[in-house]
Amino acid sequence: MCDSLTPVCDRKYAILGTGALGGFYGAKLQQAGYDVHFLLKSDYEHVSKSGLLIESKDGDFTLPQVKAYNDVEQMPQCDVVIVALKTTQNHLLPKLLPPLVKDGGVVLVLQNGLGVEEDISQIVKNVQVIGGLCFLCSNKVGAGHIRHLDYGKITLGEYTPKYDPAPLTERIQYVANDFETAGITIELATDLLLARWQKLVWNIPYNGLSVILNARTDELMTDAHTRILVEQLMNEVAAGAKTSGRVIPDSFIQTMLNYTVKMKPYRTSMKIDYDEGRPLEVEAIFGNPLRKAQAAGANLPQISCMYHQLKFLTQRNGIA
Ligand SMILES: NC(=O)c1ccc[n+]([C@@H]2O[C@H](COP(=O)([O-])OP(=O)(O)OC[C@H]3O[C@@H](n4cnc5c(N)ncnc54)[C@H](OP(=O)(O)O)[C@@H]3O)[C@@H](O)[C@H]2O)c1
Ligand SMILES: CC(C)(CO)[C@@H](O)C(=O)[O-]
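Per chain, residue numbering runs from 1 following the sequence as it is written. To read the labels, note that chains go from A and ligands from 1, taken in the order they are written. Where totals are concerned, whole chains, interfaces and linings use all residues; where local detail is concerned, this predicted model gives features only for residues with pLDDT of at least 70, and gives and counts side-chain atom pairs only at 80 or more. Side-chain calculation: all heavy atoms of the structure are included, whereas hydrogens and water are not.

Let's talk about the site of ligand 2
The following threshold applies: The nearness test applies per residue and asks whether one of its heavy atoms lies within 4 Å of the molecule or strand. Any pair of N or O atoms that falls within 3.5 Å is considered a polar contact. Within protein, one atom must be able to donate a hydrogen and the other to accept it, and sequence-neighbouring residues count only if both atoms are side-chain atoms. Surface exposure here means Shrake-Rupley accessible area, sampled with a 1.4 Å probe, where a residue is shielded only by the protein chains that are shown. Secondary structure is summarised from DSSP: a helix means a run of H or I of at least four residues, a strand means a run of E of at least two, and numbering begins at the N terminus for each.
The environment of ligand 2 is made up of Asn112, Cys134, Phe135, Leu136, Cys137, Lys199, Trp202, Asn203, Tyr259, Met263 and Tyr266. Here an oxygen atom of ligand 2 and a side-chain polar atom of Asn112 are 3.1 Å apart. Side-chain polar atom of Asn203 to an oxygen atom of ligand 2: 3.0 Å apart, as the coordinates give it. When isolated, ligand 2 has an accessible area of 280 Å², and the protein chains bury 97% of it. Looking at which element gives the most residues to the shell around ligand 2, the answer is strand 8 (residues 128-142), with 4 residues.

Written as structure tokens, this is what we have:
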């Protein structure tokens, strides 16, 4: 394994799920010189032949040749395996992860939601699990064709049993260095659980309301009624975080509201999935936080209402 100070080395990265997020970060790592192995499903043939095309607000680029696979058994063991599937596919992880991650390696979970690191730590032993919260607006617009619309920063934090705060290790530093070498802004967090609840402050109101109310972020922020609803939901997420002993101050909520007001009008990824008839990440983004808060005796009525509405919509549309 390369050390943390080597700017570009032969560290092997695997991308599990070469979509909007995995395709973007994986391509940036390859462009920076890292050895990246991409697992694909429907785009496998196209990407094997033609590579990846990244349209990005930071500059478009193509990778005419990438190491593409449609079978994890054909992939080499990698130092860092990036989980970039939708969480709705996480039932596949017990089959995908063990052959792929090197003993002593890292599994980096870049998905939204809560609790995935805990599940992964049960699947693979003797690896470090790191969580990453991605402030990224990216869509897959065609086979091997990713459109990066905005942002890109990742907040990284180590997973420890029970999500206890963790000091920064050498492993997290080298992952951070690799991404920074690839031009991605990284922030390091010593409390992954707090970082995950903070990300939910955004995902719970906007992902949920965008589907239930058929609205973009700008519409939710300009209408006085939905603006109040968003803020109430954010406060409920903060109440949920408090049940785990994590404090999200009102100033953080105001920052998220301002961040969204300044964002280009955005159709959330959950809304895109809904419109395209794909499964929604309801359990990871709504179900897991609700259950965690409920287990600690807290009632989050507005989030609970939203969860049941989303379950109804996904059942009715056959995308549960
Ligand atoms: N996109 C963003 O800007 C963004 C921002 C922050 C967080 N996130 C989070 O990142 C995660 C990934 O989201 P995404 O937007 O990148 O989703 P996505 O575009 O749907 O990408 C997921 C990819 O996984 C592939 N896949 C599914 N099953 C597979 C299998 N069995 N083997 C190989 N590949 C498989 C899919 O391929 P097919 O297309 O062939 O099914 C798809 O390309 C989610 O948790 C999301 O909430 C995304
Ligand atoms: C919040 C967001 C729209 C941009 O930071 C993105 O990270 C997302 O969809 O989770």
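Some points on helix 5 (residues 170-181)
How we decide: What a helix is expected to span follows from its residue count: subtract one and scale by 1.5 Å.
Taking 1.5 Å per residue as the helical rise, helix 5 with its 12 residues ought to reach 16 Å, and the 16 Å between its terminal C-alpha atoms agrees with that figure. Phi for Gly183, located one or two positions after helix 5, is positive at around 85 degrees.

With respect to the site of ligand 1
What counts here: When residues are sorted by character, Ala, Val, Leu, Ile, Met, Phe, Trp, Tyr, Cys and Pro go into the nonpolar class, Asp, Glu, Lys and Arg into the charged class, and all the rest, Gly among them, into the polar class.
By nearness alone, 24 residues border ligand 1, and Leu21, Ser42, Asn112, Ser138 and Glu281 come closest of all. Ala20 places a main-chain nitrogen or oxygen 2.9 Å from an oxygen atom of ligand 1. Contact distances for ligand 1 include 2.8 Å between an oxygen atom and a backbone N or O atom of Leu21. For ligand 1, the protein covers 88% of the area, taking 890 Å² as the surface of the free molecule. If you list the elements that add at least two residues to the shell around ligand 1, you get helix 1 (20-31) and strand 8. Counting residues per element, the shell around ligand 1 draws most heavily on strand 8, which supplies 5 residues. Here the residues of the shell around ligand 1 sort into 11 nonpolar, 8 polar and 5 charged.

Digging into the UniProt feature "domain: Ketopantoate reductase C-terminal" (unreviewed entry) in the chain
Quick reminder of the rule: UniProt positions are given in the numbering used here, feature names are shortened, and annotations may be inferred rather than shown by experiment.
Here, the residues flagged by UniProt with the feature "domain: Ketopantoate reductase C-terminal" (unreviewed entry) are residues 191-312. Secondary structure across residues 191-312 comprises 76% helix and 0% strand; the distance between its end C-alpha atoms is 34 Å.

Some words on the nonpolar core
Rules: By nonpolar core is meant a set of buried Ala, Val, Leu, Ile, Met, Phe, Trp, Tyr and Cys residues that side-chain atoms within 4.5 Å join together. For each residue, the accessible area found with a 1.4 Å probe, counting protein chains only, is set against the maximum for its type, and the residue is called buried under 20%, exposed over 50%, and partly exposed in between.
Of all hydrophobic cores here, the largest spans 72 residues; its most connected members are Leu16, Leu97, Val107, Ile120 and Phe286. For this core, the element with the most residues is helix 6 (residues 192-212), which contributes 11 residues. Counting 38 residues, the second-largest nonpolar core is a separate cluster that includes Val47, Phe61, Leu63 and Phe179.

Digging into the pattern of salt bridges
The criterion, for reference: For this document, the term salt bridge refers to a Lys or Arg side-chain nitrogen within 4 Å of an Asp or Glu carboxyl oxygen.
Summed over all chains, the structure comprises 19 salt bridges. In this structure, Asp35 engages Lys67 in a salt bridge whose closest nitrogen and oxygen atoms are separated by 2.6 Å. With Asp35 in strand 2 (residues 35-39) and Lys67 in strand 5 (residues 67-69), this residue pair connects regions lying 32 residues apart in the sequence. Residue Asp35 is classed as buried on the basis of its relative accessible area, which comes to 16%. Looking at Lys67, the relative accessible area reads 40%, which means it is partly exposed. Arg246 is the partner of Asp191 in a salt bridge, and the nearest nitrogen-oxygen pair spans 2.9 Å. Of this pair, Asp191 sits in the loop between strand 10 (186-189) and helix 6 while Arg246 is found in the loop between helix 8 (224-243) and helix 9 (250-262), placing the two residues 55 residues apart along the sequence.

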